[in-house]
There are 2 protein chains.
Amino acid sequence: MYFEGAEKRLSLTLVAASPSLRGLGDDFWRRALLKSDTEILSKLSCEQCDAYLLSESSLFVWHDNLVLITCGNTRLIETVLSLVESLGNVQIASLSYQRKSEILPALQSSRFEDDIARLRGMLSGDAYRIGHLDGHHHQLFLSGEMVQLKAVQTVQMYHIRGELADYLLCDRQTAEGIATRLNLSQLLPGFYFDAHLFSPLGYSLNALRGDDYFTVHITPQEASSYVSLETNLSLGEDLGGIVNELLNRLNPVSWDVSGFEAQEPGYCAEQYSLQASGELTLADGLGLYIKHYKQRDCEQLLPVTL
Amino acid sequence: MYFEGAEKRLSLTLVAASPSLRGLGDDFWRRALLKSDTEILSKLSCEQCDAYLLSESSLFVWHDNLVLITCGNTRLIETVLSLVESLGNVQIASLSYQRKSEILPALQSSRFEDDIARLRGMLSGDAYRIGHLDGHHHQLFLSGEMVQLKAVQTVQMYHIRGELADYLLCDRQTAEGIATRLNLSQLLPGFYFDAHLFSPLGYSLNALRGDDYFTVHITPQEASSYVSLETNLSLGEDLGGIVNELLNRLNPVSWDVSGFEAQEPGYCAEQYSLQASGELTLADGLGLYIKHYKQRDCEQLLPVTL
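Residues numbered from 1 in each chain as written. Chains lettered and ligands numbered in written order. Predicted model: local features only at pLDDT ≥ 70, side-chain atom pairs only at ≥ 80, totals over all residues. Heavy atoms only, no water.

Moving on, we get to the overall build of chain A. Counting its regular elements, chain A contains seven helices and 18 strands. On the principal axes, the C-alpha backbone points of chain A span a range of 50 × 40 × 35 Å. When each of the 306 residues of chain A is scored for burial, the buried share is 60%. Considering only contacts within chain A whose residues lie at least 6 apart along the sequence, 64% involve residues at least 24 apart. Taking the average location of the 23 positive side-chain charges in chain A and that of its 39 negative ones, the two points are 3 Å from each other. (Helix = DSSP H or I, 4+ residues; strand = E, 2+ residues; numbered from the N terminus. Buried < 20%, exposed > 50% of the residue type's maximum accessible area, 1.4 Å probe, protein only. Contact = heavy atoms within 4.5 Å. Lys, Arg positive; Asp, Glu negative; His and termini not counted. Charge placed at Lys NZ, Arg CZ, Asp CG, Glu CD.)

Let us look at the interface of chain A and chain B. Taken together, the contact pairs 41 residues of chain A with 41 residues of chain B. Summing both sides of the interface, chain A and chain B together bury roughly 3,900 Å²; the carbon and sulfur share of this comes to 60%. Looking only at chain A, the three residues that lose the most surface to chain B are Asp134, Leu301 and Leu306 of chain A, adding up to 20% of its buried area. Here chain A and chain B share zero salt bridges between them. Inspection of the region where chain A meets chain B yields 22 residue pairs in polar contact (both at pLDDT 80 or more). Looking at which element gives the most residues to the side of chain A that touches chain B, the answer is strand E15 (residues 272-281) of chain A, with seven residues. In terms of residue class, the side of chain A that touches chain B is made up of 23 nonpolar, nine polar and nine charged. Looking at chain direction, strand E7 (residues 126-130) of chain A and strand E18 (residues 304-305) of chain B are connected through two bridges and run antiparallel. Among the inter-strand pairings, Tyr128 of chain A is bridged to a residue of E18 of chain B, identified as Thr305 of chain B. (Buried area = accessible area lost by both parts, 1.4 Å probe. Salt bridge = Lys/Arg side-chain N within 4 Å of Asp/Glu carboxyl O. Polar contact = N/O pair within 3.5 Å; in protein donor to acceptor, adjacent residues only side chain to side chain. Nonpolar A, V, L, I, M, F, W, Y, C, P; charged D, E, K, R; others polar. Pairing = 2+ DSSP bridges.)

This part covers the sheet that holds strand E5 (residues 65-70) of chain B. Spatially, the nine strands line up as an open sheet ordered E18(A)-E7(B)-E8(B)-E6(B)-E1(B)-E5(B)-E4(B)-E3(B)-E2(B), and their pairing is antiparallel. Two strands close off the open sheet at either side, each with one partner strand: strand E18 (304-305) of chain A together with strand E2 (40-45) of chain B. In the sheet, strand E1 (residues 8-14) of chain B pairs with strand E6 (residues 92-100) of chain B via seven bridges, with the strands oriented antiparallel. Pairing of Thr13 of chain B across the sheet is with Ser94 of chain B, part of E6 of chain B. Running over the sheet, helix H1 (residues 25-34) of chain B touches E2, strand E3 (49-54), strand E4 (57-62) and E5 of chain B and is turned about 140° from E2 of chain B. Sheet strands in contact with helix H2 (residues 76-87) of chain B are E1, E5 and E6 of chain B, and its direction is about 10° off that of E1 of chain B. (Axes fitted to C-alpha atoms, helices over the stretch in contact; angles between N-to-C directions.)

Here the focus is the relation of the copies chain A and chain B. By a simple turn and slide, chain A fits onto chain B: the slide is 0.0 Å along the axis, the RMSD is 0.0 Å, and the turn is 180°. Both chain copies can therefore be described as sitting about a two-fold axis. Considering only C-alpha atoms, the residue of chain A closest to the rotation axis is Ala106 of chain A, which sits at 1.9 Å. The overlap is high: 100% of the interface residues of chain A also sit at the interface in chain B, so the same surface is used on both sides. (Least-squares fit on C-alpha atoms with pLDDT ≥ 70 in both.)

Position of Asp50 of chain A relative to the elements: it lies in strand E3 (residues 49-54). Separated by 2.5 Å, the side chains of Asp50 of chain A and Ser45 of chain A make a polar contact.

Quick look at unusual backbone geometry now. Cis geometry marks the peptide bond from Ser199 of chain A to Pro200 of chain A, where omega comes out at 5°. Within the fold, Pro200 of chain A resides in the loop between strand E10 (192-197) and strand E11 (203-209). Residues other than glycine seldom take positive phi values, yet Asp37 of chain B does so here, at roughly 55°. Structurally, Asp37 of chain B can be placed in the loop between H1 and E2. Accessibility expressed as a relative area gives 51% for Asp37 of chain B, which makes it exposed.

Let us now look at the pattern of salt bridges. Residue and element names in this part refer to chain A. With the rule as written, the count across this model stands at 25 salt bridges over all chains. Of the charged contacts in the structure, one is a salt bridge between Asp37 and Arg75, with a shortest N-O distance of 2.8 Å. Taken together, the positions of Asp37 in the loop between helix H1 (25-34) and strand E2 (40-45) and Arg75 in the loop between strand E5 (65-70) and helix H2 (76-87) put the pair 38 residues apart, joining distant regions of the chain. Ionic contacts of the salt-bridge type, sharing partners, join the residues Arg99, Glu102 and Asp115 into one network.

This paragraph deals with the packing of H2 of chain A against helix H3 (residues 112-119) of chain A. Residues and elements named next belong to chain A. In the contact formed by H2 and H3, the axes pass within 11 Å of each other and the chain directions differ by 10°. What the angle tells us is that H2 and H3 run roughly parallel. Across the interface between the two elements, Ile77, Glu78, Val80 and Leu81 from H2 touch Asp115, Arg118 and Leu119 from H3. Across the contact of H2 with H3, the residue classes tally to four nonpolar, no polar and three charged. (Parallel < 35°, antiparallel > 145°, perpendicular 65-115°, else oblique.)

What follows is about the confidence of the model for chain A. One rule of thumb: low pLDDT means the predicted coordinates there are not for detailed reading. Model confidence for chain A is summarised by a mean pLDDT of 92, while 99% of its residues fall at 70 or above. The ipTM value of the predicted complex is 0.84, and its pTM value is 0.89. (pLDDT = per-residue confidence, 0-100.)

Another aspect to go through is the packing of aromatic side chains. Scanning the entire structure with this criterion turns up 16 aromatic pairs over all chains. Measuring from ring centre to ring centre gives 4.2 Å for Trp255 of chain A and Tyr293 of chain A, while their planes differ by 10°; the resulting arrangement is stacked. Taken together, the residues span a long stretch of sequence, with Trp255 of chain A in strand E14 (residues 252-260) and Tyr293 of chain A in strand E16 (residues 287-295) at a distance of 38 residues. For Trp255 of chain A, a relative accessible area of 0% translates into the label buried. Here Trp255 of chain B and Tyr272 of chain B contribute two aromatic rings whose centre-to-centre distance is 6.0 Å and whose plane-to-plane angle is 90°, an arrangement assigned as edge-to-face. (Phe/Tyr/Trp six-rings, centres within 6.5 Å; stacked < 30°, edge-to-face > 60°.)

Turning our eyes to something else, we now look at the pairing of E14 of chain A. All names here are of chain A. Burial runs high along E14: nine of the nine residues are buried. As defined by bridge partners, strand E9 (residues 152-160) adjoins E14 across eight bridges and the pair is classed as antiparallel. Counterpart to Met157 in the pairing with E14 is Trp255.

Let us now look at helix H7 (residues 239-250) of chain A. All names here are of chain A. With twelve residues, H7 should cover 16 Å at 1.5 Å per step; its first-to-last C-alpha distance of 16 Å lies within 8% of that length. Every buried residue of H7 is accounted for by Leu239, Gly240, Ile242, Val243, Asn244, Leu246, Leu247 and Leu250. Remark: Asn251 follows H7 within two positions and exhibits a positive phi of approximately 50°. (Expected span 1.5 Å × (residues − 1).)

Here we take up the side chain of Lys8 of chain B. Residue and element names in this part refer to chain B. Among the structural elements, Lys8 can be located in strand E1. The buried charged residue Lys8 lacks any salt bridge, with Glu102 as its nearest oppositely charged partner at 4.2 Å. Polar contacts involving the side chain of Lys8 include one to the side chain of Gln108, which spans 2.7 Å. Apart from residues lying up to four places away in sequence, Lys8 is in contact with Leu68, Ile69, Thr70, Gly72, Thr74, Leu76, Tyr97, Gln98, Arg99, Glu102 and Gln108.

Here we take up the sheet that holds strand E6 (residues 92-100) of chain A. In space, the nine strands of this open sheet follow the order E2(A)-E3(A)-E4(A)-E5(A)-E1(A)-E6(A)-E8(A)-E7(A)-E18(B), with antiparallel pairing throughout. Every other strand in the sheet has two partners, leaving E2 of chain A together with E18 of chain B as the edge strands with one partner each. Inspection of the sheet shows strand E1 (residues 8-14) of chain A paired to E5 of chain A by six bridges, in the antiparallel sense. Paired with Thr13 of chain A across the strands is Asn65 of chain A, a residue of E5 of chain A. Taken strand by strand, H2 of chain A contacts E1, E5 and E6 of chain A, and its axis lies near 10° from that of E1 of chain A. Across the sheet, H3 of chain A is in contact with E6, E7 and strand E8 (138-144) of chain A; its angle to E8 of chain A comes to roughly 5°.

Right under this line is the structure:
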């Protein structure tokens, strides 16, 4: 009943006047993803973006930038190095490679330190950790012009509880049933959805509305239940309201929000309190922040028999 | 600036009328400890107990029971298996083998699951985890009659801050200076002390007063600062007051208390709030509890350059 939900993430922006990333075609992405043992399950496209739903999370490709997220024990660094080589580092205006703290790091095939040593062989950049080693933390490597990084917010929820959490563990669940219970069509008007229910457990969803994306990944396994949301929607588009509603429905014991943006989010469902907050100030007024919230009530920890 | 402070722990009680453990002699313990690459640095003895200060933590040997604690990347399971073989499992009335969640588990030479698979080849028993995989948690294997387990409390402090934390990182620190700043001779009247200052950093102390023991291990390294206390002193002996004073002096961001005892400790320095609590009910009214506390204030996380 364990699956590593914590994601590794690449985002990359090309220099102006580069050939379009979308012109590289599905076969190019299929070969690049193969390096990290990741397959394309389906594709949702619109005029501005191709959203690939993967065997381990998601890939979003716009004309001049991409976001690639993988979970489990995938070796994303292999795909990253292969992409930097294929695209050529002079074409890359900015790149960020991130790893969130894994639930069982001992089962990963490399450590972040190993990954960045290899990246530094191809690209100059700076690497950081925000958060304690013995708690949730983010590790990131940044290369190029930070102003080229796209604003994005990620929410990670840990140890979901209640009716929806129970439904996500039951045999009779369906992709439609999950989407309905998340209330996604109401929360994300105008979006197009592509969802996949994994066997035995797990749910991924990509959503597009022009340039906007929203992605949800759920690993409900009891020992390591985890939900991540990522989007480029801004706070002005009521992102706070959307996240608060999902917090109320998924009822995690704790959750983190992080992202690249000048403005830090202030929303928080009232049953949570802010435990820790960190910020990395980058050039051009940009920053990366991380905030950690926990339910106000003392949690009852139940012993697990091994 | 990283050292794995989180401990692995063996406690073991012999059946009545077994030969004395203390009669086995220093060479026996030296050979057993060698299996986990641990050396004896010094020994403090009294009528009731031998307290060995180790290159990685401590060993306490009484007539019919022992407590062995090791930190770092020691393979304590090798010593445990060797002791079970030497002593013979019919001589063992009860045994507990515990591993606290490590700060960097990926650097450990085995996982708890691997260890207990080997232990189960020699002893029947039950294994448990209390606490989430992505947070502080305790893992334990219990064999034999629980009523034979000695009452003990362990306090683990994470991310110490302030004047004493700074002193523990400075060049001019001495073992005496640390003991004075911990106020140990006041807090532990009647105890005898054996302390060691490690190079470049780290401090261990064993203290004995007849049957009573108190041990302190400090790994002040900034990325992973950690202090553990363990004792068989009871709450009636003002253990709460002692722990609260040490919390005030060491000022950790968070701390855990755990132990085998019917009565759970209720003490808590007022700047902390109880975040999570778990209990494992054993036979004979005994229980193992774990409580996790954190400072009430939101913590500022500072980015670390990698």
